[in-house]
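# Understanding the architecture of this molecule
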Amino acid sequence: MPPSTWNTAKAKVQLRLSVQRLRIAQQKKEAHAKGSRRDIALLLEKGKTESARVKVEAVINEDVNLELYELLELYCELLIARFGLLDQNTRDPDPGISEGVCSIIHAAPRTEVKELLILRDMLMHKYGRDFSVAAMENRSGCVSERIMRKLVIETPSEELVDGYLGEIAKAYSVKWASASSITAAAQGSNVDGATGSDTLESLPLYSQEISNKLPDILLTEDETEKPKVSAGGKSNQTEFSKEEAEDEFAVLARRFEELKKR
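A brief look at the structure comes next. The structure presented is a predicted model; accordingly, all values stated were derived computationally and were not measured.

Here is what the cut-offs are and how they apply
- Note that residues are indexed from 1 along each chain, following the sequence as it is written.
- For a predicted model such as this one, the threshold for reporting local features is a pLDDT of at least 70, and the threshold for listing and counting side-chain atom pairs is 80 or more; totals across whole chains, interfaces and linings nevertheless cover every residue.
- Neither water nor hydrogens contribute to the side-chain values; these are computed over all heavy atoms in the structure.
- Structural elements are reduced to axes, namely lines fitted to C-alpha atoms, with helices fitted over the stretch in contact, and the angle between N-to-C directions of any two is expressed from 0 to 180 degrees.
- Numbering of helices and strands runs from the N terminus; a helix is a DSSP stretch of H or I covering at least four residues, while a strand is a stretch of E covering at least two.
- Note on terminology: angles under 35 degrees are roughly parallel, angles over 145 are roughly antiparallel, angles of 65 to 115 are roughly perpendicular, and the others are oblique.
- With the far helix as reference, a near helix turned anticlockwise by less than a right angle produces a left-handed crossing, and one turned clockwise produces a right-handed crossing.
- For this classification, Asp, Glu, Lys and Arg are treated as charged, while Ala, Val, Leu, Ile, Met, Phe, Trp, Tyr, Cys and Pro are nonpolar and the rest, including Gly, are polar.
- Take the buried residues of types Ala, Val, Leu, Ile, Met, Phe, Trp, Tyr and Cys, join any two whose side-chain atoms come within 4.5 Å, and each joined set is a nonpolar core.
- Partly exposed residues are those whose accessible area sits between 20% and 50% of the maximum for their type, while under 20% is buried and over 50% is exposed, using a 1.4 Å probe and protein chains only.
- Residue contacts follow a heavy-atom distance rule, with two residues in contact if any of their heavy atoms lie within 4.5 Å.
- Expected helix span is computed as 1.5 Å times (number of residues minus one).
- What the bend at a residue measures is the angle between two axes, fitted to the seven residues ending there and to the seven starting there.

With that settled, the discussion passes to the packing of helix H1 (residues 8-45) against helix H2 (residues 49-81). In the contact formed by H1 and H2, the axes pass within 9 Å of each other and the chain directions differ by 165°. Accordingly, the angle class assigned to the pair H1 and H2 is roughly antiparallel. The two elements H1 and H2 meet at a crossing, and its hand is left-handed. For the contact of H1 with H2, a count of residues per class yields 16 nonpolar, 5 polar and 12 charged.

Core analysis: the largest hydrophobic core is formed by 34 residues, its most contacted members being Leu 86, Val 101, Ile 104, Leu 116 and Ile 147. Of all the elements in the fold, those that place two or more residues in this core are H1, H2, helix H3 (83-86), helix H4 (95-107), helix H5 (114-136) and helix H6 (145-151). By residue number, the principal contributor to this core is H5, which donates 8 residues. When near neighbours in sequence (up to four residues on either side) are disregarded, Leu 116 contacts Ser 18, Leu 22, Leu 72, Cys 76, Ile 104, Ala 108 and Thr 111. Ala 41, Ile 60, Val 161 and Ala 169 belong to the second largest nonpolar core, which has 13 residues in total.

Let us now look at H5. Count 3.6 residues to each turn of an α-helix, and residues three or four apart come out pointing the same way. Given a rise of 1.5 Å per residue, 23 residues ought to cover 33 Å, yet the end C-alpha atoms of H5 are separated by just 18 Å, more than 12% below that figure. In H5, a bend of some 125° at Gly 128 exceeds every other bend along the element. Just downstream of H5 lies Asn 138, where phi reads positive at about 55°.

Shown next, in the form of structure tokens:
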């Protein structure tokens, strides 16, 4: 329990103890988060995406809590650096330390650091009930906005969850893609196909008419020459038949002349 009166030496010691305990708590949380990320990577590798999504939400909340610990550690170090202002015999803290004092009083119950809770009781006793209640209710916005954001309890957004899963998969060399990215890629390919069909449909009508007039199969040079050859062959055959007819007529004429002579 804190002493009934403000003790300068004990307050300074309590600040240093709070900094040390906050750092140790951060290290434990980081180690636990590392193990959780490894488990999530294994789930992604096995294709258990839904289980990984549930587990990663806990990791996100732990990261937010870790950031809260870091901020409280900074405020404790600030009070140590400006301990002269903190040690003044006033009912309200100096503006240079007011935000740190209010933030510790407001956020300390959300941590598991006993040393920080003892420091909070010492600060509340020093500055009185009215100031303490105002700090706990965050009247006039005396608590840091960053602290307030870390204390908000909400479900992580789908984009944030996908971002965490993507980074974890990348860190552990696991092939994984979010459903939103796959859907976006599919929509992109559909858009490309639609633009191609729109281009074909947007051709003018006269181009379609010309295409309808074109032959289905184009003839090669050899094939185009064949009719000429065949036509030539027919003309030769016609000339040859005429010559044969003339020869037969000459023969008949000679025979007719011979018959006359007889």
